[in-house]
Amino acid sequence: MDEIAFGTDGWRDTLDVFTDDRVRMVAQGVATHLDEAGRGGETVAVGYDARETSEGFADEVARVLASNGFDVLLPERDCPTPLVAHAIVERDLAGAVVITASHNPPEYNGVKFIPADGAPALPEVTESIESHLDEPTVKAEADWGEVEEVDFVSPHREHALDLVDADLSGLTVVYDAMHGSGRGVTDELLRAAGAEVISLRDDRDPDFGGTPPEPDYANLEGLEIAVDEYDADLGVANDGDADRVAAVAPDRGYLDGNQFFALLYDYLLEAQSGPAVRTVSTTFLVDRIAEAHGEEVVETPVGFKWVAEAMGEHDALVGGEESGGYSVRGHVREKDGVLMALYAAAAAATEGGIEARLDRISEEYGDIHQEKTSVDCLEERKEPVLRELADRLPETVAGERVERVNDADGFKILLADGSWLLVRPSGTEPKMRVYAEAGSERRVSELLDAGRDLVEPLI
């Protein structure tokens, strides 16, 4: 069906399009795909986030899978997506279906399939599912699988505590659940590691308090205030399905995803070694840290599925993206905001606190600034815009010579002064994204203006 199309991280749409009938067709596509892959009759997990409609959609998916002969495991309540991914590997499942629209507003919902390795589905998998969209097949009742509710939280918590092995005694952390599925999960993990935790927006609200569950600067003012009010060592927040993380430092305030990635990689390299994987939109600060430690950096298109694939190919220590999704070696190759909150707290519990660590990173590797903006663009115009842009790429941008262009995902224009400009289509919204990175905020602003000037005439 034309209405169902898997993008960067599954299929998402508004609830007038995202209906029971279409969700059942996706579930049948998953069942047929698994049958053809030789996983028929095995066990599949079905997870869901805190949205009002998610549990009902998850029940529909479970019924379709069971009617196709699969056993189904459901969580005991709405559940962070990374816990479902971990359950796949921990329980040796055939895969999982998760009902979530992640950080999108409440009028959206979505569905994603996670294969048996716990990493995001690559295009050949989602294309297979899309090719098998159909009305549900119903086997004889005697051949139906069983549906069971199980605990996905405890095994993930035990694994996270073993992986990080940090004593957070004496650390005060403010946790903002943003009314999402991280409530009672991320905060309890931090408490289990010894931290004192103050929880914000930790009740289930399908409308997310009127604010999309996107852990960006605009939506975390309350977290910054609470970190100051409680004299906390750190603030952390998750998005709606807790696969992403954001952090707040006592003095610096909100840390963007690039700063968090640098903090995480710097912390991990104290005890381990290995390359980093980052997307084309993620900071070169990661490259500077890697170079100082004799490590390499692998660059991928935007989308955690590409990060996860490269992590496996290169035995990477860490992989991430500027939007706040990260994973590490020894964990499933799916972004995990719950685990990353624990890593952030572990980093804050060493080296005199998170501010001291950030100061050292700045002193050793320099300051890099990055911002992004969006230009509205209808889906059908995205490819034509890219084709036209390819024919008119400039030799200079904002007064600086173009050294080379990376076209792995849109166009990343690398300039002679070490700054860069990226123009690419959003995989989840009708927009073109424009990113810029440079050594100063003023220069970033100039580059963003230049990027908009390149794109807007083509829309």
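For the structure itself, consult the block above.
Computed from a predicted model, the values in this text were never measured in an experiment. (Residues numbered from 1 in each chain as written. Predicted model: local features only at pLDDT ≥ 70, side-chain atom pairs only at ≥ 80, totals over all residues. Heavy atoms only, no water.)

1. Side note on the sheet that holds strand β14 (residues 318-321)
- In space, the four strands of this open sheet follow the order β13-β12-β14-β15, with mixed pairing throughout. The outermost strands of the open sheet, each flanked by one partner alone, are β13 (297-300) and β15 (325-328). Going across the sheet, the axis of each strand differs from the next one's by a mean of 15°, ignoring polarity.
- As paired strands, strand β12 (residues 276-279) and β13 are joined by four bridges and run parallel to one another. Looking at the pairing, threonine 279 lines up with threonine 300 of β13.
- Across the sheet, helix α8 (residues 257-268) is in contact with β12, β14 and β15; its angle to β14 comes to roughly 175°. (Pairing = 2+ DSSP bridges. Helix = DSSP H or I, 4+ residues; strand = E, 2+ residues; numbered from the N terminus. Axes fitted to C-alpha atoms, helices over the stretch in contact; angles between N-to-C directions. Contact = heavy atoms within 4.5 Å.)

2. Points about the pairing of strand β8 (residues 196-200)
- Across the five residues of β8, four count as buried, placing the element largely inside the fold.
- Bridge analysis of strand β7 (residues 172-176) against β8 gives five bridges, and the strand direction is parallel. By the bridge assignment, tyrosine 175 is partnered in β8 with serine 199.
- Between the parallel pair β7 and β8, the chain is carried across by helix α6 (residues 186-192), and the sense of this crossover is right-handed. (Buried < 20%, exposed > 50% of the residue type's maximum accessible area, 1.4 Å probe, protein only. Right-handed = clockwise from strand over helix to strand, strands pointing away.)

3. Some details on the packing of aromatic side chains
- Per the counting criterion, the structure on display carries seven aromatic pairs.
- Centroid distance tryptophan 11 to phenylalanine 18: 4.6 Å. Interplanar angle 35°. Geometry classified as tilted. Side by side, tryptophan 11 and phenylalanine 18 carry an identical accessibility label, which is buried.
- Plain terms: the ring middles of phenylalanine 260 and tyrosine 326 are 5.0 Å apart, the flat faces sit at 25° to each other, and that makes the pair stacked. Note that phenylalanine 260 is positioned in helix α8 and tyrosine 326 in strand β15, a separation of 66 residues in sequence. Accessibility assignment for this pair places phenylalanine 260 and tyrosine 326 in one class, buried.
- Ring pairs connect the aromatic residues Trp11, Phe18 and Phe57, which therefore count as one cluster.
- Its guanidinium or amino end placed over the ring of tryptophan 420, lysine 412 lies 4.4 Å from that ring's centre, counting from NZ or CZ. (Phe/Tyr/Trp six-rings, centres within 6.5 Å; stacked < 30°, edge-to-face > 60°. Lys NZ or Arg CZ within 6 Å of the ring centre and 35° of its normal.)

4. A short note on a negative patch on the surface
- A cluster of acidic side chains, namely Glu124, Glu127, Glu309 and Glu313, defines a negative patch on the protein surface.
- Elements with a contribution of two residues or more to the negative patch: α4 (123-131) and α10 (304-314).
- Relative to the elements of secondary structure, glutamate 127 occurs in helix α4. (Patch = residues over 30% accessible without salt bridge, like charges linked within 9 Å, V, L, I, M, F, W, Y side chains within 5 Å. Areas by Shrake-Rupley, 256 points an atom, 1.4 Å probe, with all protein chains shown as cover. Salt bridge = Lys/Arg side-chain N within 4 Å of Asp/Glu carboxyl O. Lys, Arg positive; Asp, Glu negative; His and termini not counted. Charge placed at Lys NZ, Arg CZ, Asp CG, Glu CD.)

5. Some remarks on the pattern of salt bridges
- Evaluated as defined, the whole model comprises 39 salt bridges.
- Close ionic contact of glutamate 90 with arginine 91 constitutes a salt bridge, the shortest N to O distance being 3.8 Å.
- Judged by relative accessible area, glutamate 90 falls into the partly exposed class, the value being 42%.
- Under the relative-accessibility criterion, arginine 91 is labelled partly exposed at 32%.
- Glutamate 299 is the salt-bridge partner of lysine 412, the closest N and O atoms lying 2.8 Å from each other. A residue pair is termed long-range when its members are at least 10 positions apart, and lysine 412 in strand β19 (residues 411-415) and glutamate 299 in strand β13 qualify at 113 residues.
- Given a relative accessible area of 1%, lysine 412 falls into the buried group.
- By relative accessible area, glutamate 299 is classed as partly exposed at 31%.
- A cluster of three or more residues bridged by salt bridges with shared partners is formed by Asp266, Glu270, Glu351, Arg357, Arg360 and Glu364.

6. Re the environment of isoleucine 88
- Its place among the elements puts isoleucine 88 in helix α3 (residues 81-91).
- For isoleucine 88, a relative accessible area of 0% corresponds to the buried category.
- In this structure, the C-alpha to C-alpha distance between isoleucine 88 and glycine 118, residues 30 residues apart in sequence, is 5.9 Å.
- Residue contacts for isoleucine 88: discarding those within four places in its chain leaves Leu93, Gly95, Ala96, Ile114, Pro115, Ala116 and Gly118.

7. Notes on helix α12 (residues 354-365)
- Between its first and last C-alpha atoms α12 spans 16 Å; for 12 residues at 1.5 Å apiece the expected length is 16 Å, and the two agree.
- Taken together, the buried positions of α12 are Ile354, Glu355, Arg357, Leu358, Arg360, Ile361 and Tyr365.
- In this structure, the buried residues of α12 make contact with β9 (234-238), β10 (245-249), β11 (253-255), α8, α9 (285-292) and α11 (337-348).
- Note on α12: the residue one or two positions beyond its end, glycine 366, has a positive phi of about 85°. (Expected span 1.5 Å × (residues − 1).)

8. Remarks on the sheet that holds strand β6 (residues 147-150)
- Strand order across the open sheet formed by six strands is β1-β5-β4-β2-β3-β6, with mixed pairing between neighbours. The sheet is open, and its two borders are formed by β1 (11-14) and β6, each paired with just one other strand. Taking the axes of each pair of neighbouring strands and ignoring which way they run, one obtains an average angle of 20° across the sheet.
- Pairing geometry for strand β2 (residues 43-48) and strand β3 (residues 71-75), over three bridges, is parallel. What sits directly across from threonine 43, in β3, is aspartate 71.
- Along the sheet, helix α1 (residues 20-36) contacts β1, β2, β4 (95-99) and β5 (108-114); its crossing angle with β5, the most-contacted strand, is approximately 5°.

9. With respect to unusual backbone geometry
- Positive phi values are uncommon outside glycine, yet histidine 179 reaches one of about 65°.
- Here histidine 179 shows up in the loop between β7 and α6.
- Its relative accessible area of 9% is what places histidine 179 among the buried residues.
- Phi at alanine 398 takes a positive value of approximately 50°, unusual for a residue other than glycine.
- Inspection of the secondary structure assignment puts alanine 398 in the loop between β17 (396-397) and β18 (400-406).

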